[in-house]
Amino acid sequence: MEHYILALDQGTTSSRAIVFDHNGQIRSVAQKEFTQIFPQPGWVEHDPNEIWSSQASVAAEATVKMGINGTNIKAIGITNQRETTIVWDRNTGEPVYNAIVWQDRRTAGFCDKLKQDGHSELIQSKTGLIIDAYFSGSKIRWILDNVPGARAKADAGELAFGTVDSWLVWKFTRGKVHATDVTNASRTMLFNIRTLEWDDELLKIFDIPKSMLPDVKQSSELYGETATTIFASKIPITGIAGDQHAALFGQMCTGNGMVKNTYGTGCFMLMNIGEHFIASKNNLLTTIAWRTNNQTYYAFEGSIFIGGAVVQWLRDGLGVIKSSADVEKLALSVPDTGGVYFVPAFAGLGAPYWDPEARGTIVGITRGTTAGHIARAALQSIAYQTMDVLKAMEADAGVPISELRVDGGATANDLLMQFQANLLNCKVIRPTIVETTALGAAYLAGLAVGYWKTEDEIKELWQADREFFPAIGQPDVEKGIAGWKRAVHTAQAWSKGREPGTAH
């Protein structure tokens, strides 16, 4: 009987299940979108029960499609949207409130107060994170303070908190296991990533009872077995990693200094920095990459808020393209941007600027500017933002980058990938399997049950689809970078109360 690994990829807008074979090839996929809830401006929620039902149904669908059942599945790996916060009743298993999604900004005021009270340095030194509403800690506190009776129940030990992976494990094991892995724990702002423990001092700052928190395990080990009726037999759950960490592993960036960038709605870049915690001096996050075989690996992370979303805006906001795939053709209708720069700070600027007040700006427009110039400048903005984060990583790590491994939807755009290679003056590699997030979860799960014996065996499976090399002799690159920096300053200066030249 042939055996497979089932990867569950629980994302922000959909739940997916992918069956992988021993060669790391995709054999079956099922996907289901679920409801996005926006109760107020800046608030984003999901229904935890819908997350569970959608994930359970695609798990069943992906296996049924192949004509296999639980006995054919060696293990389950889970990867998930990070920071999204669920609190449920331990006795009933029912959520006390909707899941508060990572994008949600309702706790921004509380986070500002933490900064004013001087907690920034302490929190960064323990968690590697910058204080922000993005992370789970302030979301848990909001639920305890705003849901009637929640704090009393939490104090009595009756409530459980989990990121989405914990919630899925709880549901699959029918409440037998309340656990998470180090990567998801490292995104809560409550976990000390040096000692690998929930931190009492941080719990006191956020006023969260320790009894709510899940057990923290490695990214590759046995968490529990399925106890639901979805599969005919029990299947071990043996791999968990947050989506970006799973993608780093799926790209086999297992060596110190290896970097991957995921080009999605936003862009997430992670660099493996090895076995020691390094605090960033350039506004990056330090996070746990994964923990396997009792060894912890760390990573730098930089988030770009608007990546592929700038192409969606050209389609939906300006109407200059009918589908996202049309952007390359439009951009190729002109030889260059004609001096136009586009800073897509629709929701502020992420790393390394962390300027929430900055706004989208297009500069350098003349009477001769066409939709083609703006489309080309939009694509280039994704590459320029990636360059900014990569340069910050190089400065923090003290090592130059020799290659960038890429995944995500926008990597299909050859013009963007070639420009990225030119800009970074390094090789850009697009893999054959671009589902690197699910693949990473599958690898972590498979290693724990001996489906793959070693990481070296997995490295042999990794294949490049195409490599992009920097063009020889590119005097325009430096000029382009200087223009981009001026454009970013302009976007920041436009923000309220700032004059050009004073942008930080």
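Refer to the structure printed above.
Colleague: How do you make sense of the overall build of the protein chain when you look at a structure like this?
Modeller: For the protein chain, the count of helices and strands is 16 helices and 23 strands. Taking 504 residues into account, the globule formula puts the C-alpha radius of gyration at 23 Å, and the protein chain, at 22 Å, falls close to it. Dimensions along the principal axes, computed over C-alpha positions, put the protein chain at roughly 65 × 55 × 45 Å. The buried share of the protein chain, reckoned over its 504 residues, is 59%. Looking at the protein chain alone, contacts between residues at least 24 apart form 72% of all its contacts between residues at least 6 apart. When the accessible surface of the protein chain is split by element, carbon and sulfur atoms take 50% of a total near 19,600 Å². Put simply, the protein chain has 46 plus and 54 minus side-chain charges, and the middle of one group is 2 Å from the middle of the other.

Colleague: Please clarify how the environment of P344 should be interpreted in this entry.
Modeller: If you trace the backbone, P344 turns up in the loop between β19 (341–343) and β20 (361–363). Residue classification places P344 among the buried residues on the basis of a relative accessible area of 2%. For P344 and Q124, which are 220 residues apart along the polypeptide, the C-alpha to C-alpha distance reads 28 Å. Discounting chain neighbours no more than four positions away, the residues touching P344 are I306, V310, G360, S381, Q385 and W484.

Colleague: It is not clear to me how the environment of A347 should be interpreted in this structure. Could you clarify?
Modeller: Relative to the assigned elements, A347 resides in the loop between β19 and β20. The exposure class of A347 is partly exposed, given its relative accessible area of 45%. Considered as a pair, A347 and R359 are twelve residues apart in the sequence and their alpha carbons are 6.8 Å apart. Sequence-distant contacts of A347, that is, excluding residues within four places in its chain, are made with F305 and R359.

Colleague: How should the pattern of salt bridges be read in this particular structure?
Modeller: Opposite charge on two side chains lets them pair, provided their charged atoms get close. Taken as a whole, this structure holds 30 salt bridges when the rule is applied. D132 is the partner of R105 in a salt bridge, and the nearest nitrogen-oxygen pair spans 2.8 Å. In this pair, R105 is assigned in the loop between β7 (99–100) and α2 (108–116) and D132 in the loop between α3 (120–127) and α4 (136–146), connecting sequence segments 27 residues apart. The exposure class of D132 is buried, given its relative accessible area of 15%. Several salt bridges share partner residues, and in doing so they unite R82, E83, R187, D243 and E301 into one network.

Colleague: Could you clarify how one ought to interpret the pairing of strand β22 (residues 427–431) in this entry?
Modeller: Strand residues, when the strand is regular, have side chains that alternate between the two faces of the sheet. The element β22 is extensively covered by neighbouring structure, given that four of its five residues are classed as buried. Strand direction decides the pairing type here: strand β21 (residues 403–407) and β22, joined by three bridges, are parallel. The partner of E403 across the bridge, within β22, is K427. Of the crossover connections in this fold, the one passing from β21 over helix α13 (residues 414–424) to the parallel β22 is right-handed.

Colleague: Sorry if this is basic, but what is going on with α3 here?
Modeller: Each turn of an α-helix holds 3.6 residues, which means side chains three or four residues apart point in the same direction. Considered for burial, the residues of α3 that qualify are I123, K126 and T127. Buried residues of α3, seen end-on, are gathered within an arc of 80° and therefore sit on one face of the element. Of the surrounding secondary structure, the elements contacted by the buried residues of α3 are β10 (191–192), α8 (200–206) and β17 (285–292). Positive phi appears at G128, one or two residues downstream of α3, with a value of about 75°.

Colleague: Would you mind going over the packing of helix α9 (residues 243–250) against helix α14 (residues 436–448) with me for this structure?
Modeller: The relative placement of two packed helices comes down to the angle between their axes together with the axis-to-axis distance. Where α9 contacts α14, the two axes come as close as 7 Å, and the packing angle between them is 75°. In terms of orientation, α9 lies roughly perpendicular with respect to α14. Between α9 and α14, the contacting residues are D243, A246, A247, F249 and G250 on the first element and T436, T437, L439, G440, A441, Y443, L444 and L447 on the second. Taken together, the residues of the contact of α9 with α14 break down into eight nonpolar, four polar and one charged.

Colleague: Teacher, can you tell me more about the sheet that holds β22 here?
Modeller: The pairing of strands in a sheet happens through backbone hydrogen bonds and is either parallel or antiparallel. Strand order in this open sheet of seven strands is β17-β18-β16-β15-β21-β22-β23, and the pairing throughout is mixed. In this open sheet, the two strands that pair with only one neighbour each are β17 and β23 (464–468). Pairwise comparison of adjacent strand axes, ignoring direction, gives a mean angle of 25° for this sheet. One ladder, built from five bridges, connects strand β15 (residues 259–263) with strand β16 (residues 267–274); its direction is antiparallel. Across the sheet, the residue bridging to T262 is F268, located in β16.

Colleague: Would you explain the packing of aromatic side chains in this entry?
Modeller: A ring pair, where both rings are aromatic, is described by two values, the distance of the centres and the angle of the planes. Applying the stated criterion across every chain, the model contains 20 aromatic pairs. Between W43 and W142, the ring centres sit 5.4 Å apart and the planes meet at 85°, which makes this aromatic pair edge-to-face. Taken together, the positions of W43 in the loop between β3 (26–33) and β4 (45–46) and W142 in helix α4 put the pair 99 residues apart, joining distant regions of the chain. Relative accessible area serves as the criterion here: at 15%, W142 is assigned to the buried category.

Colleague: When you look at the packing of helix α1 (residues 48–66) against helix α6 (residues 164–172) in this model, what are you seeing that I'm missing?
Modeller: Two elements in contact, α1 and α6, have axes separated by 10 Å at closest approach and are oriented at 65°. In the packing of α1 onto α6, the handedness of the crossing is right-handed. Of α6, the residues touching α1 (which contributes P48, N49, I51, W52 and Q55) are V164, W167, L168, K171 and F172. Taken together, the residues of the contact of α1 with α6 break down into seven nonpolar, two polar and one charged.

Colleague: Any chance you could explain α6 here in plain terms?
Modeller: Of all the nine residues making up α6, nine are buried; the element is thus mostly covered by neighbouring parts of the structure. Taken residue by residue, α6 has V164, D165, S166, W167, L168, V169, W170, K171 and F172 as its buried positions. Once α6 finishes, R174 follows within two positions and takes phi at roughly 55°, a positive value.

Thresholds, definitions, all that
- Residues numbered from 1 in each chain as written.
- Predicted model: local features only at pLDDT ≥ 70, side-chain atom pairs only at ≥ 80, totals over all residues.
- Heavy atoms only, no water.
- Helix = DSSP H or I, 4+ residues; strand = E, 2+ residues; numbered from the N terminus.
- Rg over C-alpha atoms; globule rule 2.2 N^0.38 Å.
- Buried < 20%, exposed > 50% of the residue type's maximum accessible area, 1.4 Å probe, protein only.
- Contact = heavy atoms within 4.5 Å.
- Areas by Shrake-Rupley, 256 points an atom, 1.4 Å probe, with all protein chains shown as cover.
- Lys, Arg positive; Asp, Glu negative; His and termini not counted.
- Charge placed at Lys NZ, Arg CZ, Asp CG, Glu CD.
- Salt bridge = Lys/Arg side-chain N within 4 Å of Asp/Glu carboxyl O.
- Pairing = 2+ DSSP bridges.
- Right-handed = clockwise from strand over helix to strand, strands pointing away.
- Arc of directions from axis to C-beta.
- Axes fitted to C-alpha atoms, helices over the stretch in contact; angles between N-to-C directions.
- Parallel < 35°, antiparallel > 145°, perpendicular 65-115°, else oblique.
- Nonpolar A, V, L, I, M, F, W, Y, C, P; charged D, E, K, R; others polar.
- Phe/Tyr/Trp six-rings, centres within 6.5 Å; stacked < 30°, edge-to-face > 60°.
- Left-handed = near helix turned anticlockwise from the far one by under 90°.

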